[in-house]
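For reference, the chains in residue letters:
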Amino acid sequence: MDCKKKDDRMPVAPPPFTLGDIKRAIPKHCFERNTLRSLSYVLKDGIVIGLLYYLSTFIDHPSLPQWMPYLLWPTYWFLQGAFMTGWWVLAHECGHRAFSDNIQFGDAVGMLLHSFLLVPYHPWRISHAKHHARTNHMTEDEVFVPATRSEMGDFTPFEEMPAFVSFVTRLFYIGRMLLFGWPAHLFWHATGRKYGRYCNHFFPSSPLFTHKDKINVIVSDVALLSMVGVLFYAGHVMGSMWVVKVYVLPYLWVNLWLVLITHLQHTDVNVPHFSANEWTWLKGALSTVDRDYGFLNGIHHHIADTHVVHHLLHRMPHYHAQEATAAVKKVLGKYYHVPSVSPGLKGIVEALWSSQTHCRFVEDEGDVLWYKNR
């Protein structure tokens, strides 16, 4: 796999098509939102999540061999985290107003789902909308803004480190990102736009928000804190270890998938970032990557493998995104970037390792900026 060839880079010239051309290529029914159909996905995920919890109550049963819980608990954490991520995606859809034509109803569902997953619904919705409005803009995007060469300072390229040190260092950076990336973004706006003062997703005074957002931020904070209260109460009644095993460890899997999916959608050595002089909304929206997660694509409601069309038309419901993606590829042509990795989760591992190795910074100057590692 050679991800460093310039021939593989996305085109940066103005696209020979418009957003209108893209819309016309998509069947009209793909833009239709069906509240009952959207709710059916919430219900199906909820049934699986409830069933997995019910089955977990038997894991520590004394009739099972002593070694079996060591196998069954990690299996539960992985599967529960995967389906809880499905709920995360559906709440994300509510935030984009793609869940229902009734915005208030969609917000209510999104608030419930995201609060259950300890996400401040409206603050995230607001900052995420800004990300969609300024995707891959070097100074105005809200997430995964690359470090510049001067910000990196002195460093040693991984290829120049002893092999074992290089391997362990990259593994450490990946683990740190997957474990702490999401809370760091919520509490410190990590990898986001630099506002010159403290920025987070909880304070109404944060530079992410305007005065009209104040009530929504406060309501979201109250809903999230209510969920924290439920967890503390559950810990008091059932024991803290019960909360850790049943909720916290699957929750960490949710955070891992969220960071991994979004990181790889926006981080690739062949995908550009733009200065204010060169950036346009269409160029930014196209500068994203669809990724194949194998059997997890369906569980995650295809948030990863239909990301390009989502950035182009974010009010389209997820259950039409695969059909829309197939339609827009014909229009996008070479502007639809296909990563040179293996199919499925093997390709995700390859892409993650490649991004950690090659995507370390961009230059301080220039209108079209590419990731570099030395």
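Above this note sits the structure.
Everything quoted here is computed from the prediction, not taken from an experiment.

Colleague: So, the side chain of His300: which residues are in play, and what are the values?
Modeller: Within the secondary structure, His300 sits in the loop between helix H11 (296–299) and helix H12 (307–312). Contact partners of His300, with chain neighbours within four places excluded, come to Ala82, Thr85, Gly86, Val89, Trp257 and Ile261.

Colleague: Describe helix H8 (residues 214–238), and please don't skip the residues or the numbers.
Modeller: Between its first and last C-alpha, H8 extends 36 Å over 25 residues, near the 36 Å set by a 1.5 Å rise per residue. Listing the buried residues of H8 in full gives Val217, Ser220, Asp221, Leu224, Met227, Leu231, Ala234 and Gly235. Trailing H8 by a residue or two, Gly239 shows a phi angle of about 105 degrees, which is positive.

Colleague: Please give an account of the packing of helix H4 (residues 103–116) against H8 that cites residues and values.
Modeller: Their axes nearest at 8 Å, the elements H4 and H8 cross at an angle of 45 degrees. Looking at the two axes, H4 sits oblique to H8. Here H4 and H8 pass one another in a crossing that is right-handed. Contact residues: H4 offers Met111, Ser115 and Phe116, while H8 offers Val219, Ser220, Ala223, Leu224 and Met227. Tallied by class, the residues present in the contact of H4 with H8 amount to six nonpolar, two polar and no charged.

Colleague: So what's going on with helix H3 (residues 68–95)? Which residues, and what values?
Modeller: The terminal C-alpha atoms of H3, which comprises 28 residues, lie 40 Å apart, in line with the 40 Å expected from a rise of 1.5 Å per residue. With 20 of 28 residues buried, H3 lies mostly within the body of the structure. One or two residues past the end of H3 sits Arg97, with phi positive at roughly 65 degrees.

Colleague: Which residues make up the packing of H3 against helix H9 (residues 240–266), and what are the values?
Modeller: Put simply, H3 and H9 touch, their axes get as near as 7 Å, and they point 60 degrees apart. With respect to each other, H3 and H9 are oriented oblique. Read as a crossing pair, H3 and H9 show a hand that is right-handed. Listed contacts from H9 to Trp73, Tyr76, Trp77, Phe78, Gln80, Gly81, Ala82, Met84, Thr85 and Trp88 of H3 are Lys245, Val246, Tyr247, Leu249, Pro250, Tyr251, Trp253, Val254, Trp257 and Leu258. Along the lines of polarity and charge, the residues of the contact of H3 with H9 split into 16 nonpolar, three polar and one charged.

What counts, and where the lines are drawn
Residues numbered from 1 in each chain as written. Predicted model: local features only at pLDDT ≥ 70, side-chain atom pairs only at ≥ 80, totals over all residues. Heavy atoms only, no water. Helix = DSSP H or I, 4+ residues; strand = E, 2+ residues; numbered from the N terminus. Contact = heavy atoms within 4.5 Å. Expected span 1.5 Å × (residues − 1). Buried < 20%, exposed > 50% of the residue type's maximum accessible area, 1.4 Å probe, protein only. Axes fitted to C-alpha atoms, helices over the stretch in contact; angles between N-to-C directions. Parallel < 35°, antiparallel > 145°, perpendicular 65-115°, else oblique. Left-handed = near helix turned anticlockwise from the far one by under 90°. Nonpolar A, V, L, I, M, F, W, Y, C, P; charged D, E, K, R; others polar.

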